[in-house]
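Each chain is listed here by its residues.
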Amino acid sequence: MDEKQRRVDEVRRESTELENHLIDEYVNRKISRKELMRRGTAVGMSIPVLSFIAAACGGDDDDDGASQTGGGETTAGAVQPGGTVRVALIQPTTEPNPLLVQDEGGAGMLGATGEYLSFSDENLELQPRLAESWEPNDDGSVWTFKIRSGVTFHNGAPMTSEDVVATFEKLINPDGGSANAQSALGGVLSAGNMEAPDETTVVFNLDAPNGNFPTLVSSANYNAIIIPADLDPADWGQTFEGTGPFKLQSFTPQQGATFVRNDAYWGDKANPDTVDVKFYAEEAPMIVALQGDEVDFVEHFSVAGGKALLDNPDVQVIAIQTATHRQLHMRTDKEPFTDARVRQAIALAIDRNALVDGLWEGLADIGNDSPFAPVYPSTDTSVPQREQDIEQAKQLLADAGAEGFTVQLDTWDGFEIPDLAQLVKSAAAEIGVTINLNITDAGTYYGDGVYGKSPWLDSVMGITDYGHRPVPNVYLTAALAGDPKLGVWNSAHFKNDDYDELVRQYVAALDVETQKGVAKQIQELLLEETPIIFPYFYNFLSAAKPNLQGAVSAATGQFDLSKAGFTA
Amino acid sequence: MTTIEDPAAPIQIPVRDEATIARGERLRLLVRSPGFILGAILVGFWVVCALFGAMIAPQDPQADDILNKLVAPSGDHLFGTDRLGRDVFSRVLVGAREILITAPLATLLGTVIGTAIGLVTGYYRGLVDDITMRIVDAMLAVPVIIIAFLAIVARGASRLTIILVIGFVFSMIIAKTVRAAVLSERELDYVQAARLRNERSPYIMFAEILPNVMGPVVVEFTVRLGYAIFTIATLAFLGFGADPSIPDWGRDIEQHYAFINGGIWWAVLFPSLAIATLIVGINLIADAIAQTFER
Amino acid sequence: MGRFLLKRLGLAAITLFLLSVIVFFGTQVLPGNVGRRILGPFADQAAVDNLNERLGTDRGLLTQYWDWLTGLFTGDFGTSLAQNVPVTELIGNALVNSLKLAAFAFVLVVPLAIVGGVVAALKRDRLTDRVITIGGLSLSVVPEFVSGIILILVFGLWLDVLPVSARAPTGASILTQLEYLLLPALTLVILLFGYIARITRAGTIESLDADYTRTAVLKGLPRRTVLKRHVLRNSLLPTIAVVATQTGYLIGGLVVVETLFNYPGMGRLIVTAATQKDMPLLEAAVLVVGTIFLIAMLFADLLYSLLNPRIRYSGAE
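Residues numbered from 1 in each chain as written. Chains lettered and ligands numbered in written order. Predicted model: local features only at pLDDT ≥ 70, side-chain atom pairs only at ≥ 80, totals over all residues.

## Some details on the overall build of chain B
Of regular secondary structure, chain B possesses 11 helices and 0 strands. Starting at the N terminus and walking to the C terminus, you meet the elements of chain B as α-α-α-α-α-α-α-α-α-α-α. Considering only C-alpha atoms, chain B reaches an extent of 75 × 45 × 30 Å along its principal axes. A fraction of 76% describes how many contacts in chain B between residues 6 or more apart in sequence connect residues 24 or more apart. (Helix = DSSP H or I, 4+ residues; strand = E, 2+ residues; numbered from the N terminus. Contact = placed C-beta atoms within 7 Å.)

## Some words on the overall build of chain C
For chain C, the count of helices and strands is 14 helices and 0 strands. For chain C, the α and β elements follow one another from N to C terminus as α-α-α-α-α-α-α-α-α-α-α-α-α-α. When the backbone C-alpha atoms are referred to their principal axes, chain C occupies close to 85 × 60 × 35 Å. A sequence separation of at least 24 residues applies to 69% of the contacts in chain C between residues at least 6 apart.

## So, the sheet that holds strand β6 (residues 131–136) of chain A
Residues and elements named next belong to chain A. Spatially, 4 strands are ordered β6-β7-β9-β8 in an open sheet, and the strand pairing comes out antiparallel. Each end of this open sheet is capped by a strand with a single partner; those strands are β6 and β8 (194–198). With strand direction ignored, the average angle separating the axes of adjacent strands in the sheet is 20°. Across 5 bridges, the pairing between β6 and strand β7 (residues 142–147) is antiparallel. Bridging across to β7, Pro-136 finds its partner in Trp-143. Helix α6 (residues 161–172) rests against β7, β8 and β9 (201–205) of the sheet, and its axis sits at about 175° to β8. (Pairing = 2+ DSSP bridges. Axes fitted to C-alpha atoms, helices over the stretch in contact; angles between N-to-C directions.)

## Examining the pairing of strand β22 (residues 540–544) of chain A
Residue and element names in this part refer to chain A. The element β22 is largely enclosed, with a buried count of 5 among its 5 residues. The two faces of β22 match: Phe-540, Ser-542 and Ala-544 on one face and Leu-541 and Ala-543 on the other face are all buried. Looking at chain direction, strand β14 (residues 316–320) and β22 are connected through 5 bridges and run antiparallel. Counterpart to Ile-320 in the pairing with β22 is Phe-540. (Buried ≥ 20, exposed ≤ 12 C-beta atoms within 10 Å, placed from the backbone.)

## Structural notes on the packing of helix α5 (residues 144–155) of chain B against helix α12 (residues 266–275) of chain C
Interaxial distance between α5(B) and α12(C) falls to 10 Å at its minimum, and their mutual angle equals 15°. Put simply, α5(B) runs roughly parallel to α12(C). Every pair of crossing elements has a handedness; the one defined by α5(B) and α12(C) is right-handed. Seen from α5(B), the contacting residues are Ile146(B), Phe149(B), Leu150(B) and Val153(B); seen from α12(C), they are Ile270(C), Val271(C), Ala274(C) and Thr275(C). Tallied by class, the residues present in the contact of α5(B) with α12(C) amount to 7 nonpolar, 1 polar and no charged. (Parallel < 35°, antiparallel > 145°, perpendicular 65-115°, else oblique. Left-handed = near helix turned anticlockwise from the far one by under 90°. Nonpolar A, V, L, I, M, F, W, Y, C, P; charged D, E, K, R; others polar.)

## Points about the sheet that holds strand β2 (residues 79–80) of chain A
All names here are of chain A. As summarised here, the arrangement of the 3 strands in space is β2-β26-β23, forming an open sheet in which the pairing is antiparallel. Where the open sheet ends on each side, the last strands, each with one partner, are β2 and β23 (548–549). In the sheet, β2 pairs with strand β26 (residues 565–567) via 2 bridges, with the strands oriented antiparallel. Opposite Val-79, over in β26, you have Thr-567 as the bridge partner.

## Here we look at the confidence of the model for chain B
Residues and elements named next belong to chain B. Taken as a whole, chain B shows an average pLDDT of 86; of its residues, 92% reach a score of 70 or greater. Ranking the elements of chain B by mean pLDDT puts helix α1 (residues 23–32) last with 78 and helix α3 (residues 88–124) first with 94. A low-confidence stretch, residues 1–16 (pLDDT under 50), is modelled with 61 contacts involving residues beyond four sequence positions or located in other chains. (pLDDT = per-residue confidence, 0-100.)

## Section: helix α12 (residues 340–349) of chain A
All names here are of chain A. α12 sits mainly inside the fold: 8 of its 10 residues count as buried. For α12, the full list of buried residues reads Val-342, Arg-343, Gln-344, Ala-345, Ile-346, Ala-347, Leu-348 and Ala-349. For α12, the secondary structure elements touched by its buried residues are β15 (325–330), α14 (390–400), α15 (417–430) and β20 (532–533).

## Details of the packing of helix α8 (residues 174–209) of chain C against helix α10 (residues 223–252) of chain C
Residues and elements named next belong to chain C. Running from N to C, α8 and α10 cross one another at 145°; their axes reach a closest spacing of 8 Å. Every pair of crossing elements has a handedness; the one defined by α8 and α10 is right-handed. Between α8, through Leu-192, Ile-196, Ile-199, Thr-200, Ala-202, Gly-203, Thr-204, Ser-207 and Leu-208, and α10, the contact on the second element is made entirely by His-230, Val-231, Asn-234, Ser-235, Leu-237, Pro-238, Thr-239, Val-242, Val-243 and Gln-246. When grouped by side-chain class, the residues that make up the contact of α8 with α10 number 10 nonpolar, 9 polar and no charged.

## Describing the interface of chain A and chain C
In this assembly, 27 residues from chain A lie in contact with 28 residues from chain C. Counting residues per element, the ones that place at least two in the side of chain A that touches chain C are α7 (179–185), α10 (283–291) and α16 (442–446) of chain A. If you tally residues by element for the side of chain A that touches chain C, the top one is α10(A), at 4 residues. Across the side of chain A that touches chain C, the residue classes break down as 9 nonpolar, 13 polar and 5 charged.

This is the structure:
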């Protein structure tokens, strides 16, 4: 019994049941080090403790979620103090209002001065911010967050648990809250179910047990910056009131904003003196601006638009693995797709490797026709990957008696979607299926967003874009659940009781091992049924000048430049 | 030129000169002018492509080959390949069709309606004329590209919308030109004579005056055609083209211009040259026609 | 002169009123419910109705138009739906930007084009003329998005001598601002040169052939004096008209150039407002662009009549 083992035992004694279960999983090599860190932070264990457990209980170092290409790794340490970091950000579509923001540019503005209870970093690990720690009860239905003390807003007022409760009450207010925040917290947390027993404690009483709750109130839910209890969110844009390492100096709608260091910040003070954000309506000028040395950091760019950056040794490309994806749905209640074999045939006709290489230069994960992206710890990667198989596809069509049909594919003109549609069309042609494309603008495709009034939800076949989520729950329920109250975006009109039961089990599961077990069954069921083809999950790309170190972006639009600085 | 408006400066052409030069003579002068010949060759080339492009093109312009994307021009692909590995040469040839359907239809629509409005308002003058011209002035105060853009946002980017909105805006510009010509025409003897014969007004307008203002109408048509092509290409570049699944120069440029600074120029250069040569051709013809009418 | 001015002003006022009607009712055809647009596709219908009531977008169109029109007269252009700030603030910023770029482009292109046009006219049908007219024509038919991209590549990236975006850092001097505006302005010069030079050339040729010029030459006046006193003055008339007609385009129609160079001017403001269904912003912005165009035309009319007495008399009837 050495010193190390003694300390491990000590940690175990102080840990909750959930935490001990996680440590068991790690000790038994059921989860990797990365997963331990990710899940551990999610259930409220501190990073030092986790690092100790990881080191003490062995385990190999696996790959890092974030990778850098292009400029290559540069040695840290030589960062100069101060300076101005110039950022290119996509223009926000609405006023800066924590309730209204539902786009990347807007999220970037919220995160520029505001802080969250925790920050979901590029490895999907939660780093404590305004919450110091968090802990569930035994079944995960009550979560208690310890709020950091001694934090002040930029106006000097102290930030307390009252502000946290008020913030979330505003977000989930059924009458005029944040539609976007509610898409994550709906059915999880209801108004009035939060308490602030003292200045540094907030208790969330959930509607149902939820093992992922800390993620749902982290920066991944980008509306959830903590604002003063007495501030009307509609007035937030005047001051950008927050607690973060930067505070607002000036904001000009549709042009940009300037932020300066907050010298009263509770943590390490920000390194740059100033962060200067310019809004861009389009991607191409952002990329040119980086090449022309007019900005230092491009918050987000696409493979299609940023080829010049990918091939450029003078640019650091920061790639983050995400669950951002496209769904190619086939209506399971409409000919010709009522037969699962026909749906499988289309899925088999597609060459996913070519899509990942061709459309994404390899900066994407291959999809396996379920929402379980490789980035999720709960995904069972042992489920066999579906590969292109033209012969089998033809055979399936023959078996189903559905050879040579013609079908219309509806989608909209944005991102790489028209290209994907074109490639699906050629793939289908190889198995004798004719697809006619009907590509409209986004407004037409999404329509009113309800059944009967939206090509997105009504079309026999269609391609829809889905943004990154830190957990797959929304994809599993909204896009696939048979219950019309849950499956509000079920464009495949998929209805399968076994599936619904499995998803219920999955959401309620508190530990990765159980989740993974259910996930495997869901993955296999969806492969068999194939209501939706998930061709790929692509990376979130940011770019920086080679001399800018320490810039961090989140796949949800926020960026953290407090540690950023220029090397000589 | 072209997305530029010039509503207030219709091309100045003396109208009544058909007595001095016979129509046939004018035509002969026209086909002999070097500008016209060059223009006709350029436009003729693209018309042939529009009609038979699919047969001439060495490859299927839609056939993707994603693993051979963005390949530089070579023997296999004269103009290289685009981001989906499609043959740029074939796409440029076939792409002539879309623009040579929409632009002439839009211009024709604008010319027919504009000529009718110009004839009626110029002939009757009075209140109708005043009101119409004020409305026309008000509409033309807004840039064409903005009007077109609003219409497309409102109705969705379909080929029909593009034709209708460009036709609509052009009809007002053409109406001004035709009206100006009719104003000087209506005071002439042959119109007075027709009135004295108790001819009905529609007859006087369309059978007597119209043939004599055909000069400005034809010139306006050719000039507007150039503008129409420019405007449609610009809309496509802004992402408001008709149908993303049809080869289209403007859209192809939009989709590839981000690649230029990565050294991939062929996917943008060739469609750009196509647009430029087509518009130059049309303008040379317009110029030559205007000159013959001036003589 | 007084009556002429009065009549012109009256006509412009009527046109302006019609423009406001067209703009207001024209933008109503944009699809999509305003409240729905703000709250997103997943918001509760009750919340959407609630918001529409608060914004007043559930009232009759005529009432809305009347309120809007009376608001304009009191300087109240409304509040942007997307940005929740007074529309005047957004338009003010964008308009200043647009005016800067337009003025710079004019300053560059007008003298250049006038010289080009006059030279072409004097060397009529010779090589210089061909080079200027055909060259100018060829340049002006290259779409802005092509010429702009090429300028960015050559001067911004390869030679690396000019900034690639049009907006100078805040607080930059006038000279720095002009440096940033040079590439977009050059794009416009390429576009406009051939066009304006052509009109100047035509005007010059006309006045060269005119009787008064012949008389002046016959009187034995020096060539230089004839050119300055008779030819140039008259050839400038159509040029003024053409320059004025470009104002509307240069203020509100530069969607492509503003996009390429990430310049927040009126064109991009209108496009953004339209795609976001931000009606108050869209209506006010289009109206402002139209008004500026009408003012420019009025100004050109007056200038025209001052320089050319014949117009003044006939126009005054």
